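# Structural description and commentary
Take a look at the letters that make up each chain.
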Amino acid sequence: MSFQFATLSCLSLAVLTLFNEPAAAQAIAVPGTDAVAQNSYPNSQYYVALQIYRDGNLGDAAEAFDSALGRCRRDINGRWIDAIPVHAMLGECFYQAGDLPAAVEQFDTALALMVQHHGWLSSLDWRDMVLSANRTADSVSSWAGANVPPLLPVSDRMKLSTGSLDVEGQIRRGGAFEAARLTAIDAIEILRGVAIAAYRRRVIFGPLAGQTEVIEQALEATKYPAGLDLAAPRAVIGAMRGCERFAGGQDSELASDASKSTMVSGSIHPLTPLVLLSSARAIALTDKFAEAIPVAMQAAVAASALGQPEWVGEAFLIAAGCVNETSANPLLGAATAAAAAHLRRGRLASVGSLLAASEAAMLAGDLASAQTALSQVGSMLQRRDIVQPRMAAHAEYLSARAAAHSGQSFGLSEPTAIDNALARMTNFASGNGPKLGRVGNNNRRPSGAPATPRLYQLGLVTEGARSRGLGGKVVDEKINQYAGDPPAAVWRADPVDALSYQMFDRTPSITAQLISAVKRNAQDDLVPLADALLRQRFLAGQSAGGRVLQVRRMVATDKALLTEQVAAAMLKPPRAMTEMINLHAPQAPPAGSAEWLQRGQRLESLAALVALQRGEIPAASPPEIANLGELKKLPKGTGLLVFVDVGGTVVAILYANDTVRMWNVAPTKSIAADISKLLRELGVPSSRSTERLKAMDTWKKEAATLRRKVIIDTHLKDVESLESLVVVPDGALWYLPMEILPLGDENAELLGDRMSIRYASTPGLAVHATALPNDQLPVGIVSQMFFAPRDGEANSQSIKQITEALKATTMLPANPLVPASLLGDQISSLAVFGVVAPNPAQPMSFAPANYDAADAAGSLASWLRFPSSVPRSVFLPGYRTAASSPALGDGRELFMALTALQCSGVRDVVISRWPVGGESTAILMREFLQELPFEGAAAAWRRAIQTLRHAPLQPESEPLLGGKDENRDELSGEHPLFWAGYLITSPPQKAIK
């Protein structure tokens, strides 16, 4: 690989001519020398601390820099310019430790000192900068061979004119006379400190860079001195200014500065690595990110040659974020060589280089080299004299990837090596890593302050929105940047940052977006934002923030059902996903066989591997509503009614006849109380000793009250014009049967009588099908004492009536016992006639089929994983929710169950809010299951409900009834207690391919 330093043409950024007015020359006042241990600027303690830092001991280095800060010059006006590099390196210590607020404080202090003492560049004797003697490259740079460039021999002692040159002026003004004198300073190191502070500040602030005055002030304070035409000083100053440009987000201007200042007559100078790193990071943010690789490699060689090992590993890590499976090998070789060269001196370079080598080896398919490099990193990080929390977090990320390469996956019931490594990584990212003792102001560090840049930026944006208020253009634009998944540029910059952000629950940010859209009446944004919010609620609890689930569904979902975005991503999948596709394509081995399980384990480990690799993964599951145009996929006459809780208030969003309308429903607590009243009138939360079935019209008054809130009169006609309505509930609204709401006063026609009503847990699932229909296989039936809990013979008779009406059935469990999640190739539908009781605290832990609860593959969470092959339809008439409890829940048990079932590949779900059982449920299931193959789920369910409502019932055959209810002479299925507790979720007819 060639390392050429002549130009930076590979920057691919516009090279602009700088037209800077030179700053007026002036002398700079130097404070007194009280309490200064050595006449060195910076003092000798700084260089001692710098060496400790380069050897990797962050804690000792921070203490040494803190000691150096105490030896810097200061007077009544504060510290002098010799403190600039000390503050910059203290900031580096805090950054590497994960204390970003403290790091920013140090960087801003360094830049502020530059601004405060502006003009000192004009007081330097720049003729002293270049020495006549040659300077040889550090011997550790031998790893780069002939690619090591010449070094510009610069002096660490340049004369600075101090005091006042205006003698006559001082005499006229009177007062103490200060004679001019010359002071020797290491000006290059001070300028390097400015460059460090600027460079790292951009890394921390990312897209928010340049939004503070300190950067513009620093650029103003570091203009080229008037009349300075020497090439070497202009190159050094230009490199520093390039870093400042980078800090301010002025990447085009950075290109201009970098192209002029990287080298002097073919030689590099002490600021070359920093301006190259700035350039590499700037390019990595663009679509031409591969061009950042040679620039980053140049930075690594330059840093090694100049004896700045702290930037060697960082340069390789930047390159590692931009290579692919075909370009990883050269990086692997260079990084391995650099790591070996720096093992004795500058071990910080070895740590970063080994991390880059490990990742490059994984991409190249050289797993042995990857593991060797990772093991070496682990050994180094375990040494007491090497403390690098940020590097350790990066090692944990790579350890998780290595575990996936070795065949491991994310855990189901117990954590695996991947889970444990990511737990340690996110512990650092959340700000709970080791601190730097009582260095500087670090003792005031707030607990849990984010340690990764994007999480830190999210905190700033959230705080800004809180102080400035939502609804403003600037605030909204910032929130929009941070509500979604991390973009590809963040993954290239820092995978720990990106993955930690992906795993962070961003529902507050999306809620803020939605509140702002409501305030602005931005109707086109309402449904996509509601969809994003509900998707995030589900994905926040999934492995790797939902990335594993996306990969699974991209591979397992029928191609005809993939959205355009997902289908496009599948055209050029990464190598591991290609293996998944090839492995999943052939006909599956027999369910439960050893070959089946092995294939599933391999698929699951590959899914983990793809999820952990750098880069964006499209939203495959739950399917996304990216824009309002997606709703046009709904059949004509079908509307979408979305309820979402935003800031303690329920908002309704209605999409009907190509128009969006929005209104406030009620405060969250108020609507929950109203629903609770209605359920009590229906007889839902009641004991068998009391009367459940009150007079038929007692519940209608509460239903009418609720209707006026959830569907306000102003928009009632919009709803009435529909033939079908898909309802997306939220919170307590999951327990409300929309079917029983009257279209008017309490005596008006019911909503469910006017139109077909289906439910969905997200708008995306209301539009997109998750599986193709397959009604040619038998119906799998799980039978328990559900229809007649106290009469086994009557219970069996109900089961018989159902099975006789069906073309083909399979009674479960069969022998051998196979979990229901593996039976998709044997049954088309799963009907569980028994009570299914979820755990609200762990809504993914219950077994939908009941009989396989003891098997890990029986839990709902396992339905989402390979080797699952789920039935196309699932019917849970005995599902038990908080609707039957004295206090309503938040609907989480229904939301999570329905979303997980459909994300696993289930197409249609019928589930109960409260279990009924008895003859009424038997009638429903018989009518529904026998019509399902012919009419589809929605039509078959509507027909089954109508049949039940006209059917006579025997009170003694209904388990819910007791006391006075059991002594009734007549009873029919018309009462909502028997039919309104069920809800169906099924894709619209238009979604059938």
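Just so it is clear, the model here is predicted, and its values are computed rather than measured. (Residues numbered from 1 in each chain as written. Predicted model: local features only at pLDDT ≥ 70, side-chain atom pairs only at ≥ 80, totals over all residues. Heavy atoms only, no water.)

## What about empty space enclosed by the protein?
By the definition in use, this model includes four cavities of 30 Å³ or more. Lining the largest cavity we find 17 residues, and of these Glu739, Ile757, Trp941, Arg942 and Ile945 sit closest to its centre. For the lining of the largest cavity, the secondary-structure elements that each account for two or more residues are α31 (751–754), β11 (756–759), α37 (937–949) and β17 (982–985). Per-element tally for the lining of the largest cavity: the top contributor is α37, with six residues. Tallied by class, the residues present in the lining of the largest cavity amount to nine nonpolar, three polar and five charged. Taken as a whole, the second largest cavity spans an internal volume of roughly 130 Å³. (1 Å grid on protein atoms, 1.4 Å probe; cavity = no way out; pocket = protein on both sides within 12 Å on 5 of 7 lines; lining within 4 Å. Points joined across faces, edges and corners; volume = space filled by probe spheres on them. Helix = DSSP H or I, 4+ residues; strand = E, 2+ residues; numbered from the N terminus. Nonpolar A, V, L, I, M, F, W, Y, C, P; charged D, E, K, R; others polar.)

## Some details on the pairing of β11
Of the two faces of β11, both are covered, the one formed by Ser756 and Arg758 as well as the one formed by Ile757 and Tyr759. Direction of pairing for strand β10 (residues 724–728) relative to β11: parallel, over a ladder of four bridges. Residue pairing for β11: Leu725 is matched across the bridge by Ile757. (Buried < 20%, exposed > 50% of the residue type's maximum accessible area, 1.4 Å probe, protein only. Pairing = 2+ DSSP bridges.)

## Examining the sheet that holds strand β9 (residues 659–667)
Within the open sheet, the five strands sit side by side as β9-β8-β7-β10-β11. Their pairing is mixed. If you trace the sheet from one side to the other, it starts and ends with β9 and β11, each paired once. Ignoring strand direction, the axes of neighbouring strands in this sheet form an average angle of 20°. Where strand β7 (residues 638–646) and β10 come together, five bridges link them in parallel fashion. Note on β10: the bridge partner recorded for Leu640 is Val726. Across the face of the sheet, helix α28 (residues 668–682) comes into contact with β7, β8 (649–656) and β9 while running at roughly 80° to β9. Packed on one face of the sheet, helix α29 (residues 698–710) meets β7, β8 and β9 and runs near 125° to β9. (Axes fitted to C-alpha atoms, helices over the stretch in contact; angles between N-to-C directions. Contact = heavy atoms within 4.5 Å.)

## A word on the nonpolar core
Most often, soluble globular proteins keep nonpolar side chains buried together rather than apart. Phe65, Trp120, Ile185 and Phe316 are the most contacted members of the largest nonpolar core, which totals 193 residues. Here this core takes 13 residues from helix α6 (residues 187–205), the largest share from any one element. (Core = buried A, V, L, I, M, F, W, Y, C linked by side-chain atoms within 4.5 Å.)

## A word on the sheet that holds strand β14 (residues 829–833)
Read from one edge of the open sheet, six strands run β13-β12-β14-β15-β16-β17, paired in mixed fashion. Strand pairing shows two members of the sheet lacking a second neighbour, β13 (809–812) and β17, which therefore form its edges. Looking at each pair of strands side by side, their axes are set apart by 15° on average, direction ignored. Note that strand β15 (residues 873–876) and strand β16 (residues 908–912) share four bridges and pair parallel. By the bridge assignment, Ser873 is partnered in β16 with Asp908. The strands touched by helix α35 (residues 892–903) within the sheet are β15, β16 and β17, with β16 carrying the most contacts at an inclination of about 160°. Each of β16 and β17 touches α37; the most contacted strand, β17, lies at about 160° to it.

## Observations concerning the packing of helix α33 (residues 792–804) against helix α36 (residues 918–935)
At a minimum axis separation of 8 Å, α33 and α36 run at an interaxial angle of 15°. On the basis of the axis angle, α33 is roughly parallel to α36. α36 is crossed by α33, and the crossing has right-handed handedness. Of the residues in α36, those touching α33 at Ser798, Gln801 and Ile802 are Ala922, Met925, Arg926 and Leu929. (Parallel < 35°, antiparallel > 145°, perpendicular 65-115°, else oblique. Left-handed = near helix turned anticlockwise from the far one by under 90°.)

## A closer look at the side chain of Thr899
Mapping Thr899 onto the fold places it in helix α35. A polar atom in the side chain of Thr899 sits 2.6 Å from the backbone oxygen of Phe895. Apart from residues no more than four positions distant in its own chain, Thr899 is found in contact with Phe538, Pro622, Ser761 and Leu765. (Polar contact = N/O pair within 3.5 Å; in protein donor to acceptor, adjacent residues only side chain to side chain.)

## Quick word on the packing of aromatic side chains
A full pass over the atoms with the stated rule returns 14 aromatic pairs. Ring geometry for Tyr46 and Phe65: centres 5.8 Å apart, planes at 50°, overall tilted. A residue pair is termed long-range when its members are at least 10 positions apart, and Tyr46 in helix α1 (residues 44–54) and Phe65 in helix α2 (residues 58–70) qualify at 19 residues. Residue class for Phe65 comes out buried when judged on its relative accessible area of 0%. Taken together, a centroid distance of 5.7 Å and an interplanar angle of 75° make the contact between Trp941 and Tyr982 edge-to-face. Here Trp941 is found in helix α37, whereas its partner Tyr982 is found in strand β17, with 41 residues between them in sequence. Considered together, Trp941 and Tyr982 belong to a single accessibility category, that of buried residues. Against the face of Phe205 rests Arg201, its NZ or CZ located 4.3 Å from the ring centre. Above the plane of the ring of Tyr759 lies Arg913, whose end atom (NZ or CZ) is 4.9 Å from the centre. (Phe/Tyr/Trp six-rings, centres within 6.5 Å; stacked < 30°, edge-to-face > 60°. Lys NZ or Arg CZ within 6 Å of the ring centre and 35° of its normal.)

## Section: the confidence of the model for the protein
Residue-level pLDDT values for the protein average 90, and 91% of them are 70 or greater. In this model residues 1–38 is a low-confidence stretch, pLDDT under 50, and it forms 105 contacts with partners more than four residues away in sequence or in other chains. (pLDDT = per-residue confidence, 0-100.)

## Here we look at the pattern of salt bridges
Counted under the stated rule, the structure contains 37 salt bridges. Residues Lys632 and Asp658 are paired through a salt bridge, measuring 3.8 Å at the closest nitrogen-oxygen approach. Placement of Lys632 in the loop between α27 (594–612) and β7 and of Asp658 in the loop between β8 and β9 is noted, with a sequence separation of 26 residues between them. The salt bridge involving Asp908 is made with Arg907; its shortest N-O contact spans 4.0 Å. Exposure class is identical for Asp908 and Arg907. Each is buried. Members of the salt-bridge network, linked through shared partners, are Arg54, Glu189, Arg192 and Glu310. (Salt bridge = Lys/Arg side-chain N within 4 Å of Asp/Glu carboxyl O.)

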